[in-house]
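Residue-level structure breakdown
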Amino acid sequence: PADHLLAALACRRLAQPPLLVRTVYEPEAPRLGVRMRYAFRRTAGVVVPTERARQGLVGRCGLDQDRVLRLEPVTEPQRLDGPDQRARWGLGPEQLVVGITARIQPHRRFDLLWDVASRVTAQLPNARFVLLGRGNEVDTRALVTEPIAKRGLQPFVVLPGYQRGLDYHSALRSLDAFLFLVPGSDGTCRAVADAMAFGLPVVATDRGILPELLATRRPGEVPGAACREDAATLAAALLELLRDAGLRRARGAAALRRAQLDMDPERAARALRTFYQQLLDRREVPR
């Protein structure tokens, strides 16, 4: 918002101001105070990740429909047959592995994660939960190591820490399912899109953009489940996946297809280029 306002102010006295385009990364339209209303009045176009955000901006800001582009989160195509990290983690083919990518912070609902893990492993002792993330020493102790020890979950939890690049790719290849609880600083939940690009079925809460990311777009294709934010519901959704290899394969294939068709970066680049060109052709800078 501050960048947006600064750009609008910087353009206001130019004889030929450039077109101002704002990208919104949250699933809802931003709140509009006096400053943001001023900035949006001088904005030629807006790019948003969800239909909710698009309709919100059209309604609140009075922008024309064709000035707001809905552009889904993108994820790069991935190699599915590469190495994994199961051996490094001490896991064999008999284990059913659930991964979660999240920075270790209080607002990321780690209490809910361990509640879910307790319920799942009580019924499936061969299930394992892998936390791909890091945090400071205080948060890691308070939110991860101490709660795991208190619940007796040490045999069921793997803590490889933050992974990057090819190590992150091999970590995702090690999983049977992906769990995501609440969005962090990235409202588009890139971690979910990346998991889908590796053909992983996803179980998530119904916060933010997650229901739209996991929505069925094609008949018979269900990439995942956006569930009510409670341990019993999330655990039941995971247990359904982990107990049924055929269901995992079907939902994983749907997730992969969704990533390949709807989250393709080249497709997004073409749409964005067309949008910019349409704005330039109109060349009507709001005053």
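Heads up: the structure comes first, above all this text.
So, a few notes on the structure that sits alongside this text.

Reading guide: rules and limits
Residues numbered from 1 in each chain as written. Predicted model: local features only at pLDDT ≥ 70, side-chain atom pairs only at ≥ 80, totals over all residues. Heavy atoms only, no water. Buried < 20%, exposed > 50% of the residue type's maximum accessible area, 1.4 Å probe, protein only. Helix = DSSP H or I, 4+ residues; strand = E, 2+ residues; numbered from the N terminus. Contact = heavy atoms within 4.5 Å. Phe/Tyr/Trp six-rings, centres within 6.5 Å; stacked < 30°, edge-to-face > 60°. Salt bridge = Lys/Arg side-chain N within 4 Å of Asp/Glu carboxyl O. Patch = residues over 30% accessible without salt bridge, like charges linked within 9 Å, V, L, I, M, F, W, Y side chains within 5 Å. Areas by Shrake-Rupley, 256 points an atom, 1.4 Å probe, with all protein chains shown as cover. Lys, Arg positive; Asp, Glu negative; His and termini not counted. Charge placed at Lys NZ, Arg CZ, Asp CG, Glu CD. Pairing = 2+ DSSP bridges. Axes fitted to C-alpha atoms, helices over the stretch in contact; angles between N-to-C directions. Parallel < 35°, antiparallel > 145°, perpendicular 65-115°, else oblique. Left-handed = near helix turned anticlockwise from the far one by under 90°. Nonpolar A, V, L, I, M, F, W, Y, C, P; charged D, E, K, R; others polar. Disulfide = S-S within 2.5 Å.

1. A closer look at helix α7 (residues 190–197)
The element α7 is largely enclosed, with a buried count of 7 among its 8 residues. Among the residues making up α7, those that are buried are A191, V192, A193, D194, A195, M196 and A197. Summarising the contacts, the buried residues of α7 are in contact with β4 (96–101), α6 (165–173), β7 (177–180), β8 (202–205), α8 (210–213) and α10 (245–262). The first or second residue beyond α7 is G199, which carries a positive phi of 70°.

2. Considering the packing of aromatic side chains
For any pair of aromatic rings, geometry is given as the distance between the ring centres together with the angle between the planes. With the rule as written, the count across this model stands at 1 aromatic pair. Seen in terms of ring centroids, F110 and W114 are 6.5 Å apart; in terms of plane orientation they differ by 35°. Their pairing is tilted. Residue F110 and its partner W114 are both found in helix α4 (residues 110–123); the two are separated by 4 residues, about one turn of the helix. For the pair F110 and W114, a shared accessibility class is recorded, and that class is buried.

3. Observations concerning the pattern of salt bridges
All chains considered together, the criterion is met by 21 salt bridges. Between R282 and D64 there is a salt bridge, with its nearest N and O atoms 3.3 Å apart. With R282 in helix α11 (residues 265–282) and D64 in the loop between α3 (51–61) and β3 (68–70), this residue pair connects regions lying 218 residues apart in the sequence.

4. Quick look at a positive patch on the surface
Side chains of R31, R37, R41 and R60 sit close together on the surface and give a patch of like positive charge. By the secondary structure assignment, R60 is in helix α3. Looking at R60, the relative accessible area reads 43%, which means it is partly exposed.

5. Side note on the pairing of strand β5 (residues 127–132)
Judged by how many residues are buried, β5 sits mostly within the fold: 6 of 6 residues are covered. Here β5 shows two buried faces, one formed by A127, F129 and L131 and the other by R128, V130 and L132. Direction of pairing for β4 relative to β5: parallel, over a ladder of 6 bridges. Each bridged residue has a counterpart across the sheet, and for V97 the counterpart in β5 is R128.

6. Some thoughts on the sheet that holds strand β2 (residues 45–48)
The sheet built from 3 strands is open, its strands ordered β1-β2-β3 with parallel pairing. Every interior strand has two partners, whereas the edge strands, β1 (21–23) and β3, have only one. Taking the axes of each pair of neighbouring strands and ignoring which way they run, one obtains an average angle of 15° across the sheet. Where β1 lies against β2, 3 bridges are found, and the strand directions are parallel. Residue pairing in the sheet places T23 in a bridge with V47 of β2. The strands that α11 touches are β1, β2 and β3; relative to β2, the one it contacts most, it runs at about 165°.

7. Observations concerning the packing of α4 against helix α9 (residues 231–242)
One way to put it is that α4 packs onto α9 with a least axis distance of 9 Å and a crossing angle of 45°. Our classification of the angle between α4 and α9 gives oblique. Between α4 and α9 lies a crossing whose hand is right-handed. For the pair formed by α4 and α9, the contact residues are L112, D115, V116, R119, V120 and Q123 on the first element and A231, A232, L234, A235, L238, L239 and L242 on the second. Grouping the constituent residues of the contact of α4 with α9 by class yields 10 nonpolar, 1 polar and 2 charged.

8. What about the state of the cysteines?
Evaluation of the coordinates by the stated rule reveals 0 disulfides. Here C227 stays free of any disulfide, with the sulfur of C189 as its closest cysteine sulfur at 14 Å. Assessed through its relative accessible area of 9%, C227 is described here as buried.

9. Describing the packing of helix α1 (residues 2–11) against helix α2 (residues 34–41)
In the contact formed by α1 and α2, the axes pass within 9 Å of each other and the chain directions differ by 55°. As far as their axial angle goes, α2 and α1 are oblique. The hand of the α1/α2 crossing is left-handed. For the pair α1 and α2, contact is made by H4, L5, A8 and L9 and by R35, M36, Y38, A39 and F40, respectively. Its residues placed into classes, the contact of α1 with α2 shows 7 nonpolar, 1 polar and 1 charged.

10. Considering unusual backbone geometry
Phi at R109 takes a positive value of approximately 60°, unusual for a residue other than glycine. Within the secondary structure, R109 sits in the loop between β4 and α4. Judged by its relative accessible area of 22%, R109 falls in the partly exposed class. If you check the backbone angles, C189 has positive phi at about 55° while not being a glycine. Mapped onto the fold, C189 is located in the loop between β7 and α7.

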